[in-house]
Each structure stands twice: as C-alpha cells, then as structure tokens.
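Each chain is listed here by its residues.
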Amino acid sequence: MSRIVAGSARGRNIKVPDTGTRPTSSRVREALFARLENRGYIKDCAVLDLYAGSGALALEALSRGATRAVAVDISQGATRIISQNARSLGLYLTVVNSKAESYLSTHYDGPFDLVFIDPPYDIAEEQLTRLLETLPPHLTSDGLVVVERGKRQPEPTWPPELELDNERTWGDTRVWSAIVRAKDLD
C-alpha cells in the first residue's frame, strides 16, 4: 500500500500492483510535488503519467488540483489497479493500457503541462531517448517533463526541444526535470 500525500485525497491509501512496478515513495512524491506546486505545475494542469504503475503520480496531481490526467501502463494488472484507485479516491483520470511509446505515436490527448516518466530502472537508454524524442508535440509551450530513475543511472539524453531544468536526488531516487526550450525570437 501507498498513500496520497496531500490535497483532496490526502492520507488515503492506494493499491500497488504485486509485481512489475516500483512505486515512487511518499517521501519523494512529497518533495517533488512541493517543488512542482511552488512553480505552478500542478493546479489547473493537464498531466500525463507514463509507466504509471499504481497511478500514484497522476492521482497525487489530481488530488492537488490538476484538471485532468492520463495514466499509461503496459500491464493490464496495473491499469486495473489504477482504475480501482481512482474510483476509491473519487478522482477521474483516463487510463490507457499501452506501451508508452505506442501511446505517444497513436494518441493525442494533449497538450500536457506536465509529463511524468518513471520507467523501469532497467530500461535501455536508447529506448528512453526515443521516448523523449517523441514527447515534444504532446507538450504545452511551457511544458515540464519529469524523469525518475535510480541514482546511479545517467541523465537522460534530452531532445533539442527540451532543456534540463533541474536535478535532485532523494535516497536511491534521482529526478530530472526538463522544460520546453523557448523558441528563437527572430
């Protein structure tokens, strides 16, 4: 079990799939969301949660005032649990059972203000790079991408449209954020 840290569903438990996921700890979510809220990236935002697992990141965002969220996971078991969690919290989100890459190439539910990418730690660097390269058309002009990985893993390779904004480490977790690069003003 995990729990929602703040907002309308504060303190409420959510289920976590038995296998195949690595939920973001409450401590990391609390620190991350405090920073995101301070920068205006939660309230009234559209959120995409790729490799959603339990849906904790999308549900936390909705609890704190995001207007809409889409949670994507390849596991049918995970998407079933995300739907159950949303119902039990009284929060609405769209749940998509798909590979993250396939979702980005076949769906357009955006644009999104905030995208969470929390892939399995063993994801190939090339796969993460390709995913990041397909992301910019799904982002607002001031969109933010948050990538969570193990602290020993390298920084993601950002496409030209995204610029590293911040890097933080909490315990065994490292989180990078990148913002949509400002367009040249000619």
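Look a little higher up for the structure.
A brief structural summary. No experiment lies behind these values; they were computed from the predicted model shown.

**Let's talk about the sheet that holds strand β9 (residues 173-180)**
Part 1 of the reasoning: The strand order β5-β4-β3-β6-β7-β9-β8 describes an open sheet built from seven strands, whose pairing is mixed. In this open sheet, the two edge strands, each paired with only one partner strand, are β5 (94-97) and β8 (162-170). The sheet shows a mean angle of 15° between the axes of neighbouring strands, direction not considered.
Part 2 of the reasoning: Across eight bridges, the pairing between β8 and β9 is antiparallel. Across the sheet, residue asparagine 166 finds its bridge partner in β9, namely serine 177.
Part 3 of the reasoning: Against the sheet, helix α1 (residues 26-38) contacts β6 (112-117), β7 (139-150), β8 and β9, and its axis sits at roughly 140° relative to β8.

**Focus on the packing of aromatic side chains**
Part 1 of the reasoning: Per the stated rule, a full pass over the model turns up one aromatic pair.
Part 2 of the reasoning: Consider the rings of phenylalanine 33 and phenylalanine 116, whose centres lie 5.6 Å apart with planes at 35°: the pair is tilted. With phenylalanine 33 in helix α1 and phenylalanine 116 in strand β6, this residue pair connects regions lying 83 residues apart in the sequence.
Part 3 of the reasoning: Here phenylalanine 116 falls in the buried class, since its relative accessible area comes to 1%.

Scoring rules and cut-offs
Residues numbered from 1 in each chain as written. Predicted model: local features only at pLDDT ≥ 70, side-chain atom pairs only at ≥ 80, totals over all residues. Heavy atoms only, no water. Pairing = 2+ DSSP bridges. Helix = DSSP H or I, 4+ residues; strand = E, 2+ residues; numbered from the N terminus. Axes fitted to C-alpha atoms, helices over the stretch in contact; angles between N-to-C directions. Contact = heavy atoms within 4.5 Å. Phe/Tyr/Trp six-rings, centres within 6.5 Å; stacked < 30°, edge-to-face > 60°. Buried < 20%, exposed > 50% of the residue type's maximum accessible area, 1.4 Å probe, protein only.

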